[in-house]
Amino acid sequence: MTGSRVVALGHYQPAKVLTNDDLAALVDTSDEWIRSRVGIRTRHVAGPDEPVDELAAHAGAKALAAAGVTPGDIDLVLVATSTAIDRSPNMAARVAARLGMGSPAAMDINVVCSGFTHALATADHAVRAGSAVRALVIGADKMADITDWSDRTTCVLVGDGAGAAVVEASEEAGIGPVLWGSVPEMGHAVRIEGTPPRFAQEGQSVYRWATTQLPPIARKVCERAGVAPEELAAVVLHQANLRIIEPVAQKIGAVNAVIARDVVDSGNTSAASIPMALSKLIERGEVESGAPVLLFGFGGNLSYAGQVIRCP
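Residues numbered from 1 in each chain as written. Predicted model: local features only at pLDDT ≥ 70, side-chain atom pairs only at ≥ 80, totals over all residues. Heavy atoms only, no water.

**Section: the packing of helix H3 (residues 52-67) against helix H4 (residues 91-99)**
A packed helix pair is summarised by two numbers, namely the angle formed by the two axes and the spacing between the axes.
At step 1: With their axes 9 Å apart at the nearest point, H3 and H4 run at an angle of 55 degrees to one another. By the angle between their axes, H3 is oblique relative to H4. Here H3 and H4 pass one another in a crossing that is right-handed. Contact with H3, carried on its side by Val52, Asp53, Glu54, Ala56, Ala57, Gly60, Ala61 and Leu64, involves Met91, Arg94, Val95, Arg98 and Leu99 of H4 and no other residues of that element. (Axes fitted to C-alpha atoms, helices over the stretch in contact; angles between N-to-C directions. Helix = DSSP H or I, 4+ residues; strand = E, 2+ residues; numbered from the N terminus. Parallel < 35°, antiparallel > 145°, perpendicular 65-115°, else oblique. Left-handed = near helix turned anticlockwise from the far one by under 90°. Contact = heavy atoms within 4.5 Å.)

Structural data, given as structure tokens:
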């Protein structure tokens, strides 16, 4: 085997839906204000009895079923999350236990909003190095646990959910080279700090950085994969804000691609946003199997990671 590929995806969101009008009853905001600034209409919010690992396990189970494999076939579990309140057992170990896996390696990856694309690259590297044959890669976050619901600048943004991908060894590479990095001196622009931890960000700084600095990096991701932007069938960016997604996608030059806009209905779900959005595109039949798709995560730590994959 010389490469790895994504063979299936799955996603899960809690049942409770929080509308903009619901938020307007909590803070000084309105449906018009939220839509005009971030493009979000609704978001799903987990209850106190729905921990991160439960969201992750639901998405993981769906991905396993779609791939036609059993939990025992998985030898590596990676969970990208920044909202794990408990430190040990980690989320990956808890997911493995919930799904009844055998003895997989189980690791959490905390790169906040770009966590899933970092985790996907890590799984790809592990499979290509021979350290794993089949991996379950999950992005899951429960932003409700770390949100100040009296702060209208952040509470209007967030949602909860999970997305998962099954990655396995392949004779041909279905996951392109990752391009990843960060801007450490600007890490303060997105924060989850304190006791209890709370999410905060410098919205204008993040907006300027994302819309000006990220498009050339995303184009370089395509270059590394040997795919021209106009050849992309879909672009799945971190679902941070519609006012970021649309200009960044336009500047990439993916003129023929479907642009994921799941943020409208799901809000910013951090590490869950990319796999959840891609899973929905596949479920709706909007991307053909084998088509090139750009995944590009960015945000917390002012970090980024992207790769071009072949759609399962």
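**A word on the sheet that holds strand E12 (residues 258-259)**
At step 1: Taken in spatial order, the five strands line up as E8-E14-E13-E11-E12 in an open sheet, and their pairing is mixed. For this open sheet the edge positions go to strand E8 (179-182) and E12, each flanked by a neighbour on one side alone.
At step 2: In this sheet, strand E13 (residues 292-299) lies alongside strand E11 (residues 234-237) in parallel orientation, the contact comprising four bridges. Bridge pairing links Leu237 to Phe296 in E13.
At step 3: The strands touched by helix H5 (residues 115-128) within the sheet are E8, E13 and strand E14 (303-310), with E14 carrying the most contacts at an inclination of about 55 degrees.
At step 4: The strands touched by helix H10 (residues 273-283) are E11, E12, E13 and E14; relative to E11, the strand with the most contacts, the crossing angle is about 150 degrees. (Pairing = 2+ DSSP bridges.)

**Notes on the pairing of strand E10 (residues 198-201)**
At step 1: Across four bridges, the pairing between strand E9 (residues 190-193) and E10 is antiparallel. Pairing of Glu193 across the sheet is with Arg198, part of E10.
At step 2: The hairpin turn running from E9 into E10, its antiparallel successor, is four residues long, and Gly194 in that turn takes a positive phi close to 95 degrees.

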